[in-house]
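Listed below are the residues making up each chain.
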Amino acid sequence: MPAFDSLPLAVALLIGIPAFGSCLGIGLASMKLLEGIARQPEIAPDLQTKYFLAVGVTDGAFIIATGIGLWFATANPFK
């Protein structure tokens, strides 16, 4: 009987959980951006600048987690 290889499960979790969190965070931030622009349209440029900065940081964390997961999948450091 072959041994259970947990690397695919670990890679899936390492990519899936940050993807879910990133999508959820960007969705909530987008909702609040639209609410803020609807309440005060004159501050839309300031809100958009802060929004894109926050979304970039949130998406950057997901991209880093994806890169680490793919690195583990191709060059398994645990063998």
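Quantities reported herein were computed from a predicted structural model and do not represent experimental measurements.

K.L.:
Could you give an account of the UniProt feature "domain: V-ATPase proteolipid subunit C-like" (unreviewed entry) in the protein chain, naming the residues involved and the relevant values?
P.N.:
The UniProt record marks residues 9-71 with the feature "domain: V-ATPase proteolipid subunit C-like" (unreviewed entry), using the residue numbering of this structure. Secondary structure over residues 9-71 splits into 94% helix and 0% strand, and the C-alpha atoms at its two ends are 14 Å apart.

K.L.:
I'd like a description of the environment of Glu42, backed by residues and values.
P.N.:
You can see Glu42 is positioned in the loop between helix 1 (7-39) and helix 2 (44-74). For the pair formed by Glu42 and Ala12, sequence separation is 30 residues and the distance between their alpha carbons is 43 Å.

K.L.:
Give a description of the packing of helix 1 against helix 2 that names residues and reports values.
P.N.:
Two quantities define a packed helix pair, namely the angle between the axes and the distance from one axis to the other. Orientation of helix 1 relative to helix 2, taken along the N-to-C sense of each, is 175°, at an axis distance of 9 Å. When the axis of helix 1 is compared with that of helix 2, the two are roughly antiparallel. When the residues that make up the contact of helix 1 with helix 2 are grouped by side-chain class, the tally is 20 nonpolar, 7 polar and 1 charged.

K.L.:
Give a detailed account of the pattern of salt bridges, specifying residues and quantitative values.
P.N.:
Pairing of side chains with opposite charge becomes possible as their charged atoms draw close. By the definition in use, this model includes 1 salt bridge. Between Lys32 and Glu35 there is a salt bridge whose closest N-O contact spans 3.6 Å. Remark: Glu35 and Lys32 occur in helix 1; sequence separation between them is 3 residues, near one turn of the helix. With relative accessibility at 32%, the residue Glu35 sits in the partly exposed group.

What counts, and where the lines are drawn
- Every chain is numbered independently, its residues counted from 1 as its sequence is written.
- Only residues with pLDDT of 70 or above have their local features reported here, since the model is predicted, and side-chain atom pairs are shown and tallied only from 80 upward, although totals for entire chains, interfaces and linings are computed over all residues.
- By convention in this description, side-chain values take in all heavy atoms of the structure and omit both hydrogens and water.
- UniProt positions are given in the numbering used here, feature names are shortened, and annotations may be inferred rather than shown by experiment.
- Helix and strand assignments come from DSSP, with helices taken as H or I runs of at least 4 residues and strands as E runs of at least 2, each series counted from the N terminus.
- Here, axes are lines fitted to C-alpha atoms. For helices the fit covers the stretch in contact, and angles between N-to-C directions go from 0 to 180 degrees.
- Roughly parallel here means an angle under 35 degrees, roughly antiparallel means over 145, roughly perpendicular means 65 to 115, and every remaining angle is called oblique.
- Put simply, Ala, Val, Leu, Ile, Met, Phe, Trp, Tyr, Cys and Pro go in the nonpolar bin, Asp, Glu, Lys and Arg in the charged bin, and everything else, Gly too, in the polar bin.
- Salt bridges are defined as contacts in which a side-chain nitrogen from Lys or Arg sits within 4 Å of a carboxyl oxygen from Asp or Glu.
- Relative accessibility under 20% of the residue-type maximum defines a buried residue, over 50% an exposed one, and the middle range a partly exposed one, all with a 1.4 Å probe and only protein chains included.

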